[in-house]
Amino acid sequence: MTPKFDSTGAVCEMQVEQAHFVNDGVDVSHGIDERLVYPIIDQLVPVSERGTKLNTFDECVSICQTTYQYTNVAIMIVSGGDTRLVRIKWRSRSCE
């Protein structure tokens, strides 16, 4: 997980991905096991902290991106077979 912080030191964004280190860098072709995605999200931002669910957006062009909008956060899941990454952004906090 890679966090970003706002000017007060509060987390404004988190990105979670399964990295596989290789000789020349990182291979992200293998994703997070889909059975683990929602338990990971629940640990990082529990349902009680998300606020009211607003919308869900799906976009697919060989890789799919699903964004769940809540009053406090937006949760984006990028997948193409395996889940590639999860990004959580707090709506009221600005990353710098």
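Residues numbered from 1 in each chain as written. Predicted model: local features only at pLDDT ≥ 70, side-chain atom pairs only at ≥ 80, totals over all residues. Heavy atoms only, no water.

In terms of nonpolar packing, the biggest core is built from 15 residues, with Ile75, Val86 and Ile88 touching the most fellow members. Secondary-structure elements contributing two or more residues to this core are strand S2 (11–17), helix H1 (34–44), strand S6 (63–70), strand S7 (73–80) and strand S8 (82–90). Discounting residues that sit within four places of it in the chain, Ile88 has contacts with Cys12, Glu13, Met14, Leu44, Val45, Val73, Ala74 and Ile75. (Core = buried A, V, L, I, M, F, W, Y, C linked by side-chain atoms within 4.5 Å. Buried < 20%, exposed > 50% of the residue type's maximum accessible area, 1.4 Å probe, protein only. Helix = DSSP H or I, 4+ residues; strand = E, 2+ residues; numbered from the N terminus. Contact = heavy atoms within 4.5 Å.)

Right, let's get into the pairing of strand S5 (residues 53–61). Bridging between S5 and S6 involves eight bridges; their strand directions are antiparallel. The partner of Lys53 across the bridge, within S6, is Tyr70. Following S5, the chain reverses through one residue before pairing antiparallel with S6; Ser62 in that reversal takes a positive phi of roughly 65°. (Pairing = 2+ DSSP bridges.)

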